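As a plain string of letters, each chain reads:
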Amino acid sequence: MRIVVCVKHVPDATGKRTFDPADNTVDRAGVDGLLSELDEYPIEEALRIAGDDGEVVVLTVGPDQALDAARKALQMGAHAAVHVCDDALAGSDAPATSLVLAKAVEKVGDSGGAVGLVLCGMASTDGAMGVVPAMLAERLGVPMLTFAAEVSVDGDLVTVRRDGDVAIETVEARLPLVVSVTDQINEPRYPSFKGIMAAKKKPVETWSLAYLGVDPNLVGLAAAWSQVEAFTARPPRSQGTVVIDEGDGGTKLADYLAAQKFI
Amino acid sequence: MNEILVLVDHVDGSVRKTTTELLTLARTLGAPSAVFIGTGIDSARATLTSYGAEKIYVLSGADLTEYLVAPKTEALAQLVKQTSPAAVLVPSTPEAREVAARLAVKTGSGLITDAVDVQPGAPGGSPLTTQSVFAGGYTVTATVPVGTPIVVVKPNAVTPEQAAGAGVEQSVEVVVSDAARTARIVKREPRTRSARPELTEAEIVVSGGRGTGGDFTDVEALADALGAAVGASRAAVDSGWYPHSYQVGQTGKTVSPQLYVATGISGAIQHRAGMQTSKTIVAVNKDADAPIFELVDFGVVGDLKSVLPQATAAIGRAQGLVQPDG
């Protein structure tokens, strides 16, 4: 089976993430980026499901440096990468991103065989909206199973276990479909030295909006369906009182909670 | 007056607190209409009306409960078309988030997720939403210039306040396409509900991390003394010490309680993303250099194994003084 995994290149959460004051978008130039950690899980899952005879194509949308995210997936074992890169994409919101992903998934299917499964992470670690997979399914007109903690594929029937707060559910749908997976599903592998070397020879394609047949007026900041009006840095929390426990730490804690009327 | 659709979160008609928060918010924007999908409207009616629902749309049918979100989204899209609401507010559950995402594409509408506040915008324009992003490092305000603004609202965005609405009920016939009857629920095992408050809705949360060494007894005892929910750090969950549904942080739940007590948690960015917007933060940790202490209003450098039981006992005594009969 051919599997497409959608991945995102995000600013490092341990770096200084901020916004570009010129247009209120996420500053992607001033901070180191990397493959969104939550996207390692669908890559690992895709490799498992593909087995020896399947093919895993990793797909990313973003500026030049976004290719690094796809490259990491190739190092982990994905077979090929597609990078949709176009200046018109800057500032795209989730609906626009899902449109581009959908067109790219269809194009992957047109060139090299039908795509059975599209795997995504549960959310990105920067925007963290967690809505692109569902929007992608809506665009593709295929079923979607969200937040999978376990995936099994039997012929064209895909069964997913998801651990909700209210219930543990078993849900199923037939291929082709979109599945988003949680960080509970597996332990992503680290790229091996062999994997890193092999990745250098794997096919990487760069596609433009024109190649995908996407009208550039439908994407980018100007076309966004939601608009950031302002951003403000949260004032750093001023550190309060920290006491060393000298046998009365618990009592002091209770005293503080009582003074703040929590007791 | 502008109609505001509120998607009701309920379990068999038992309305969750987040819905009363959404109805309270909706009243500041226009006239709230509750959208009730599924069974149990008889149990839900009184709550919805008492929190200000002027209308209640009841959507029922086997297609809506047997299949996953696609039929619900189609139903909601039909309702949006019929009523042309000024906004749609949905709770921050995984299912509602998926409904919101699909509804946005289906109706060509902008979507805001995880709003911590929603205020009226310019007359006739989009409401102004507030979000907390980048692990609580920034506050962002946004509007939806395109379509019907769809806003996913986080729990605890407002304090629910009662205000009677007319509660005029209207059954809605839903036409579901074959294409939406695809993803099915084949098995559902309800979780046994803990007697403690629900994590994302709780006023107080007590969390344990690596420093517990796997024993949450002291954490749970303190939580129970405070009437709090219990949370866990990713380190504790990954070690198998506490279930994932209790994880606070970037890959778990985001909480914003009045009081957050972090015990044995160092305070990595991943954890801070899930709790940094709490009103008051208290920490207990052996390591005086733990980053969590940069956030705290009050901290104790010490072993939670001795600090927590002492605090729990002192709280018990204090409560005994306040409530001699209790």
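Here the structure is shown first, and the text comes after it.
Residues numbered from 1 in each chain as written. Chains lettered and ligands numbered in written order. Predicted model: local features only at pLDDT ≥ 70, side-chain atom pairs only at ≥ 80, totals over all residues.

**Some thoughts on the interface of chain A and chain B**
Thought 1: Contact residues are listed per partner, giving 65 residues for chain A and 72 residues for chain B.
Thought 2: Looking at the side of chain A that touches chain B, the elements that each hand over two or more residues are α3 (94-110), α4 (132-140), β9 (144-148), β12 (167-174), β15 (227-233), β16 (241-244) and α7 (249-259) of chain A.
Thought 3: Counting residues per element, the side of chain A that touches chain B draws most heavily on α7 of chain A, at nine residues.
Thought 4: Relative to strand β9 (residues 138-143) of chain B, β15 of chain A runs antiparallel, the two sharing six bridges. Pairing of Phe231 of chain A across the sheet is with Val140 of chain B, part of β9 of chain B. (Contact = placed C-beta atoms within 7 Å. Helix = DSSP H or I, 4+ residues; strand = E, 2+ residues; numbered from the N terminus. Pairing = 2+ DSSP bridges.)

**So, the packing of α3 of chain A against α4 of chain A**
Residues and elements named next belong to chain A.
Thought 1: It is the contact of α3 with α4, at a shortest axis distance of 8 Å, that shows an interaxial angle of 55°. Here α3 lies oblique to α4, going by the angle between them. Between α3 and α4 the crossing geometry is right-handed. Residue-level contacts link Ala94, Pro95, Thr97, Ser98, Leu99, Leu101, Ala102 and Val105 of α3 to Val132, Met135, Leu136, Arg139 and Leu140 of α4. (Axes fitted to C-alpha atoms, helices over the stretch in contact; angles between N-to-C directions. Parallel < 35°, antiparallel > 145°, perpendicular 65-115°, else oblique. Left-handed = near helix turned anticlockwise from the far one by under 90°.)

**A few points about the sheet that holds strand β8 (residues 128-133) of chain B**
In sheet architecture, strand pairing relies on hydrogen bonds along the backbone and comes in two forms, parallel and antiparallel.
Thought 1: Here ten strands make up an open sheet; going across it, the order is β15(A)-β9(B)-β8(B)-β7(B)-β10(B)-β6(B)-β1(B)-β4(B)-β5(B)-β11(B) and the pairing mixed. Only two strands of the sheet have a single neighbouring strand rather than two, namely β15 of chain A together with β11 (168-172) of chain B. Across the sheet, the mean angle from the axis of one strand to that of its neighbour is 35°, orientation sign disregarded.
Thought 2: Bridge count for strand β5 (residues 55-59) of chain B against β11 of chain B is five bridges, and the pairing is parallel. Bridged to Tyr57 of chain B within β11 of chain B is Gln170 of chain B.
Thought 3: With respect to the sheet, helix α4 (residues 69-83) of chain B is in contact with β1 (3-7), β4 (31-37), β5, β6 (87-91) and β11 of chain B, its orientation differing from that of β4 of chain B by roughly 150°.
Thought 4: Contacting β1, β6, β7 (111-119) and β10 (150-153) of chain B, helix α5 (residues 94-107) of chain B runs over the sheet at an angle of about 165° to β10 of chain B.

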